[in-house]
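Here are the chains, one letter per residue:
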Amino acid sequence: NDQSHANDSTVRILLVGEREVGKTSMIYSLVFEEFDEEVPAKFEEITIPAEVTPVNIPTVIVDYSAQEQSEKDLYEELQRASVICIVYAIDNEVTIDKISTYWLPLIHQRLGENHSIPIILVGNKSDLVEYSSIDTVLPLMNQYKEIEICVECSAKNLDNLSEIFYYAQKTVLYPVTPIYYPEERE
Ligand code: GTP
């Protein structure tokens, strides 16, 4: 139905974004609960069993790697996603610019202007900076209504990481109007 994007009772979280923003590291750190400087280009698709997710729904986490995958692969993954995380690196302005110059238009182009797949903007590498990037990306929420939430994390010190995957699950399972933040709905 229109309200939920959990397909076959599985939540499918797709991570996209520019190279080197830390998509693979985020998944690695979440799964192994520690940061490793050496991660593969792409993390194999991983299913977190329902029992160990806070929402009790099996959750598939999908890494996208431009290095190893074609654009066609990306388009297919966009079609299959329950929720899309556009990851940028807080310390890298180019990766922030690309959210609005590349990723959001691409998603509109592939899924349609009125698609209802929720999007989460994720600023990674918060350990590298003293400031927040949220004020920079927040205006995009007015332009793109499908953006549910903007959050920051660090794959390196595991800060806010499990929370982000939890938000992603909750966004799919309990869609909310943009004025409510998922963490306020208990
Ligand atoms: P592609 O495979 O090219 O798409 O890159 P990716 O987005 O998967 O990035 P990856 O996880 O390979 O990380 C890129 C670089 O950033 C690596 O050197 C990581 O060690 C580093 N990195 C990732 N996350 C963090 C973080 O939270 N903090 C810091 N300081 N470095 C990070």
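Read on for a plain summary of the structure. Remember, predicted model here, so these are calculated numbers, not experimental data.

Conventions and cut-offs
- Counting of residues starts from 1 at the beginning of each chain's written sequence and follows it residue by residue.
- At least 70 in pLDDT is required for a residue's local features to be given in this predicted model, at least 80 for side-chain atom pairs to be given and counted, and no such filter applies to totals for whole chains, interfaces and linings, which use all residues.
- Computation of side-chain values: all heavy atoms of the structure, hydrogens and water removed.
- Think of it this way: any DSSP run of H or I at least four residues long counts as a helix, any run of E at least two long counts as a strand, and we number them from the N terminus.
- Burial classes: relative accessible area under 20% of the type maximum marks a residue as buried, over 50% as exposed, and values in between as partly exposed (1.4 Å probe, protein chains only).
- The criterion used for residue contact is that any of the two residues' heavy atoms lie within 4.5 Å.
- If DSSP finds at least two bridges between two strands, the strands pair.
- Inter-axis angles, ranging from 0 to 180 degrees, are taken between N-to-C directions of lines fitted to C-alpha atoms, where helices are fitted over the stretch in contact.
- Here a patch means residues that are over 30% exposed by relative accessible area and free of salt bridges, tied together within 9 Å if like-charged and within 5 Å if nonpolar (Val, Leu, Ile, Met, Phe, Trp, Tyr).
- With residues, only the protein chains shown are counted as cover, and all accessible areas are computed by Shrake-Rupley using a 1.4 Å probe.
- By salt bridge we mean one thing: a side-chain nitrogen of Lys or Arg within 4 Å of a carboxyl oxygen of Asp or Glu.
- Charged residues are defined narrowly, with Lys and Arg counted positive, Asp and Glu counted negative, and His plus the chain ends left uncounted.
- Charge placement uses NZ in Lys and CZ in Arg. For Asp and Glu, CG and CD serve respectively.
- Proximity criterion: a residue is near a molecule or strand once any of its heavy atoms comes within 4 Å of it.
- Here a polar contact is recorded for every N or O atom pair within 3.5 Å, except that within protein the pair must consist of a potential hydrogen donor and a potential acceptor, and residues adjacent in sequence are included only if both atoms are side-chain atoms.
- Three categories are distinguished: nonpolar for Ala, Val, Leu, Ile, Met, Phe, Trp, Tyr, Cys and Pro, charged for Asp, Glu, Lys and Arg, and polar for the others, with Gly belonging to the last.
- Note on terminology: angles under 35 degrees are roughly parallel, angles over 145 are roughly antiparallel, angles of 65 to 115 are roughly perpendicular, and the others are oblique.

## As for the overall build of the protein
A count of helices and strands for the protein gives six helices and six strands. Listing every helix and strand of the protein by position from the N terminus yields β-α-β-β-α-β-α-β-α-α-β-α. When the 186 residues of the protein are sorted by exposure, 52% land in the buried category. In the protein, the proportion of contacts linking residues at least 24 apart, taken out of those at least 6 apart, comes to 69%.

## What about the environment of S133?
Tracing the sequence through the fold places S133 in the loop between β5 (119-124) and α4 (134-137). Separated by 74 residues in sequence, S133 and T59 have C-alpha atoms that sit 28 Å apart. S133 has contacts with Y88, I90, I96 and E152, leaving out every residue within four places of it along the chain.

## A few points about the sheet that holds strand β3 (residues 59-63)
Spatial strand order, β2-β3-β1-β4-β5-β6: six strands in an open sheet with mixed pairing. The outermost strands of the open sheet, each flanked by one partner alone, are β2 (46-48) and β6 (147-152). Across the sheet, the axes of successive neighbouring strands diverge by a mean angle of 20°, strand direction being ignored. Here strand β4 (residues 83-89) runs beside β5; their pairing, made up of six bridges, is parallel. Pairing of A89 across the sheet is with N124, part of β5. Contacts between helix α1 (residues 23-32) and the sheet are confined to β1 (11-17), β2, β3, β4 and β5, with β3 contributing the most and set at about 145° to the helix. Where helix α3 (residues 93-111) meets the sheet, its contacts fall on β1, β4, β5 and β6, and the angle it forms with β4 comes to roughly 160°.

## Topic: a negative patch on the surface
On the surface, D91, D127, D159 and E163 cluster together to form a negatively charged patch. Relative to the assigned elements, E163 resides in helix α6 (residues 161-173). By relative accessible area, E163 is classed as partly exposed at 34%.

## Considerations on the site of the ligand
Neighbouring the ligand are 19 residues, the closest being K23, T24, S25, D127 and A155. The contact in question runs from an oxygen atom of the ligand to an N or O atom on the side chain of T24, over 2.7 Å. Interatomic distance of 3.4 Å between a side-chain N/O atom of S154 and an oxygen atom of the ligand. The dominant element in the shell around the ligand, judged by the number of residues it contributes, is α1, at three residues. Among the residues making up the shell around the ligand, the classes are represented as six nonpolar, five polar and eight charged.

## Considerations on unusual backbone geometry
With a phi close to 55°, E33 is a non-glycine residue in the positive phi region. Relative to the helices and strands, E33 resides in the loop between α1 and β2. The exposed category is assigned to E33, whose relative accessible area is 64%. Of note, N56 is a non-glycine position whose phi angle comes to about 60°, a positive value. Following the sequence through the fold, N56 ends up in the loop between β2 and β3. By relative accessible area, N56 is classed as exposed at 52%.

## So, the packing of α1 against α6
It is the contact of α1 with α6, at a shortest axis distance of 9 Å, that shows an interaxial angle of 100°. Relative to α6, the element α1 lies roughly perpendicular. From α1, M26, I27, S29 and L30 reach across to α6, where they touch L161, S162 and F165. Its residues assigned to classes, the contact of α1 with α6 shows five nonpolar, two polar and no charged.

Everything listed here is a matter of geometry and, on its own, says nothing about what the molecule does.
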